[in-house]
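If you want the building blocks of each chain, they are given just below.
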Amino acid sequence: MSESNKILVAVVMGSKSDWDVMRAADETLSKFGVNHVCRVLSAHRTPKQLEQFLSELDRQGCEVYIAAAGGAAHLAGVVAAQTVAPVLGVPMESQSLKGLDSLLAMVQMPGGIPVGTLAIGKAGATNAALLAVAILANSRPALKEKLVAFRAEQAEKILKETLS
Ligand code: RP5
């Protein structure tokens, strides 16, 4: 499969209710022109389909996985158990515990199966995508240039801020 149509990043979330937040990862990956796919698949509700999805994407050479879940947030860990590609986890804000449950469930992985856990919510979704871009950029100079330009634009915007 050629680089132009290969899926480089897979974004998977435990429920459609996570999409409002995870849209930020989708938009960020699109902004950098990274070929990716977004899917709702749950570690608990659709375990077999999740396994099939991961084995198909791994077979196609997907390089980074982003997994978002809330509450008993096992999705990122389950993904990490099934691939050696980097897995980035985004804890979703939950109604009862505001995402602290999701964060702890996701971040406390046993040694040997890593999940790179980001912040709760939208900042985590955006940063997971930026981190995925950074991982891909290690071997793609054009993508690295885009990241450098993004950081410069971000800094420029802040430096132009005025306070009234
Ligand atoms: C998790 O349970 C999902 O990732 C979601 O954040 C949470 C609640 O899911 P729904 O009940 O809204 O489908 O599996």
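Structural notes, computed from the coordinates. This is a predicted model, so every value here is computed, not measured.

Okay, the overall build of the protein next. The helix and strand tally for the protein stands at 6 helices and 5 strands. For the protein, whose C-alpha radius of gyration is 16 Å, the value lies close to the compact-globule estimate of 15 Å for 164 residues. Based on the C-alpha atoms only, the size of the protein along its principal axes is roughly 50 × 45 × 30 Å. For the protein, with 164 residues in total, the buried portion stands at 43%. Sequence-distant contacts in the protein: of pairs separated by 6 or more residues, those separated by 24 or more amount to 67%. Total accessible area on the protein is roughly 9200 Å²; 56% of this is exposed by carbon and sulfur atoms.

This paragraph deals with the packing of helix 2 (residues 47-60) against helix 3 (residues 75-82). Running from N to C, helix 2 and helix 3 cross one another at 50°; their axes reach a closest spacing of 10 Å. One finds that helix 2 runs oblique with respect to helix 3. The element helix 2 and its partner helix 3 pack so that their crossing is right-handed. When helix 2 is examined against helix 3, the residues Leu50, Glu51, Leu54 and Asp58 are found in contact with a partner set consisting of Leu75, Val78, Val79 and Gln82. Residue composition of the contact of helix 2 with helix 3, grouped by class: 5 nonpolar, 1 polar and 2 charged.

Further remarks concern the site of the ligand. The full set of residues close to the ligand is Gly14, Ser15, Ser17, Asp18, Arg45, Ala69, Gly70 and Met92. Residue Ser17 places a side-chain N or O atom 2.7 Å away from an oxygen atom belonging to the ligand. Side-chain polar atom of Asp18 to an oxygen atom of the ligand: 2.6 Å apart, as the coordinates give it.

Val9, Met22, Leu29, Phe32, Val34, Ile66 and Val90 are the most contacted members of the largest nonpolar core, which has 28 residues in total. Of all the elements in the fold, those that place two or more residues in this core are strand 1 (9-13), helix 1 (19-31), strand 3 (64-70), strand 4 (87-92), helix 5 (122-137) and helix 6 (141-159). Of the residues forming this core, the biggest block, 8 residues, is contributed by helix 5. Grouped together as the second largest cluster of nonpolar side chains are 22 residues, Ala43, Leu54, Val87 and Met106 included.

Calculation rules
- Residues numbered from 1 in each chain as written.
- Predicted model: local features only at pLDDT ≥ 70, side-chain atom pairs only at ≥ 80, totals over all residues.
- Heavy atoms only, no water.
- Helix = DSSP H or I, 4+ residues; strand = E, 2+ residues; numbered from the N terminus.
- Rg over C-alpha atoms; globule rule 2.2 N^0.38 Å.
- Buried < 20%, exposed > 50% of the residue type's maximum accessible area, 1.4 Å probe, protein only.
- Contact = heavy atoms within 4.5 Å.
- Areas by Shrake-Rupley, 256 points an atom, 1.4 Å probe, with all protein chains shown as cover.
- Axes fitted to C-alpha atoms, helices over the stretch in contact; angles between N-to-C directions.
- Parallel < 35°, antiparallel > 145°, perpendicular 65-115°, else oblique.
- Left-handed = near helix turned anticlockwise from the far one by under 90°.
- Nonpolar A, V, L, I, M, F, W, Y, C, P; charged D, E, K, R; others polar.
- Near = heavy atom within 4 Å.
- Polar contact = N/O pair within 3.5 Å; in protein donor to acceptor, adjacent residues only side chain to side chain.
- Core = buried A, V, L, I, M, F, W, Y, C linked by side-chain atoms within 4.5 Å.

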